[in-house]
Amino acid sequence: NTIPVSITGNGLTWVLISNQESGIGKQGLGCSIYRAMGAAPSTGAVTVTMPTASNSICVNIVSLSGVNTSGTNGSGAVVQSNKAAGGSTTPAVALAAISSPANSVVAVVSRQGNPFNGTPKSGFTESMDSGAQGAGLPAMGGCGMYALATSDNNPSVTIANSVWNIVAIEVKAA
């Protein structure tokens, strides 16, 4: 199991939005998006608890501004999500039509192989491209995070041919 059991820290309540997991031999490959919202930026450590020992993990915490603050723990900021898994050079997932041109799309991709070296679809901005490798272990996997400030509901990225997972969300503007 490669999906975190819990995320805690910064005085926030972290809620799983969506996750995608696929098994690769004896190892798993997972990809998750969580949400949390506070009244103001908070500082301090964030702890990610995994269900079992993990050879590698990528974590990227992003603070978004100008998002809808209704609901609890950021629930009003997320309009929809979708996920997919496969094995090719073009991880992609389709969301329903974006509900407002003011909204944005955020996608997270994980793949077997290191480094990640992803090239996002035109219009998407890469905010993270990371590989992970344990000491004395073969390259385990990499991850990338991409954001789009327009209404393209089909995020994709080009990578080396491998097994991959992708999770995407539509973020509602304030």
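Since the structure is predicted, the reported quantities are computational estimates derived from the model, not experimental observations.

**Some points on the overall build of the protein**
Assigned secondary structure in the protein consists of zero helices and 12 strands. The helix and strand sequence of the protein, counted from the amino end, reads β-β-β-β-β-β-β-β-β-β-β-β. Counting all 174 residues of the protein, 36% fall into the buried class. Taking contacts inside the protein between residues at least 6 apart in sequence as the whole, the part at least 24 apart equals 76%. Accessible surface for the protein amounts to roughly 8,600 Å². Of this, 51% is attributable to carbon and sulfur atoms.

**Structural notes on the pattern of salt bridges**
Taken as a whole and assessed by the stated rule, the structure comprises one salt bridge. We note a salt bridge from D152 to K121, for which the minimum N-O separation is 3.1 Å. In this pair, D152 sits in the loop between β10 (141-148) and β11 (157-158) while K121 sits in the loop between β8 (119-120) and β9 (124-132), placing the two residues 31 residues apart along the sequence. The class for D152 is partly exposed, based on a relative accessible area of 21%. Owing to a relative accessible area of 27%, K121 belongs among the partly exposed residues under this scheme.

**Focus on the side chain of Q80**
Considering the arrangement of structural elements, one finds Q80 in strand β6 (residues 78-88). A polar atom in the side chain of Q80 sits 2.9 Å from the backbone nitrogen of A96. Ignoring anything within four residues of it in the chain, the contact list for Q80 reads L95, A96, A97, I98, A168, I169 and E170.

**With respect to the confidence of the model for the protein**
Summary statistics for the protein give a mean pLDDT of 80 and a share of 80% for residues scoring 70 or more. Per-residue pLDDT, averaged within each element of the protein, yields its smallest value for β10 (67) and its largest for strand β2 (residues 12-13) (92). The low-confidence segment residues 133-140 (pLDDT under 50) makes 14 contacts with residues lying over four places distant or belonging to another chain.

**Focus: the sheet that holds β2**
Spatial ordering of the open sheet is given by β2-β1-β5, a layout of three strands whose pairing is antiparallel. Of all strands in the sheet, those with a lone pairing partner are β2 and β5 (46-49), marking the two edges. Where strand β1 (residues 6-9) meets β5, four bridges bridge the pair, whose relative direction is antiparallel. Pairing of S6 across the sheet is with T49, part of β5.

**Quick notes on the environment of S110**
For S110, the location among the structural elements is in strand β7 (residues 104-112). For the pair S110 and C58, spaced 52 residues apart in sequence, the C-alpha separation works out to 9.0 Å.

**A closer look at the environment of T8**
Along the chain, T8 turns up in strand β1. For T8, a relative accessible area of 42% corresponds to the partly exposed category. Measuring from C-alpha to C-alpha, the distance between T8 and A45 comes to 8.5 Å, with 37 residues separating the pair along the chain. In this view, T8 contacts W14, A45, V46 and T47; residues no more than four positions away in its chain are not counted.

**Thoughts on a nonpolar patch on the surface**
Residues I57, V59 and I61 make up a contiguous nonpolar surface patch of roughly 270 Å² in combined accessible area. Inspection of the secondary structure puts I61 in the loop between β5 and β6.

Conventions adopted
- Residues numbered from 1 in each chain as written.
- Predicted model: local features only at pLDDT ≥ 70, side-chain atom pairs only at ≥ 80, totals over all residues.
- Heavy atoms only, no water.
- Helix = DSSP H or I, 4+ residues; strand = E, 2+ residues; numbered from the N terminus.
- Buried < 20%, exposed > 50% of the residue type's maximum accessible area, 1.4 Å probe, protein only.
- Contact = heavy atoms within 4.5 Å.
- Areas by Shrake-Rupley, 256 points an atom, 1.4 Å probe, with all protein chains shown as cover.
- Salt bridge = Lys/Arg side-chain N within 4 Å of Asp/Glu carboxyl O.
- Polar contact = N/O pair within 3.5 Å; in protein donor to acceptor, adjacent residues only side chain to side chain.
- pLDDT = per-residue confidence, 0-100.
- Pairing = 2+ DSSP bridges.
- Patch = residues over 30% accessible without salt bridge, like charges linked within 9 Å, V, L, I, M, F, W, Y side chains within 5 Å.

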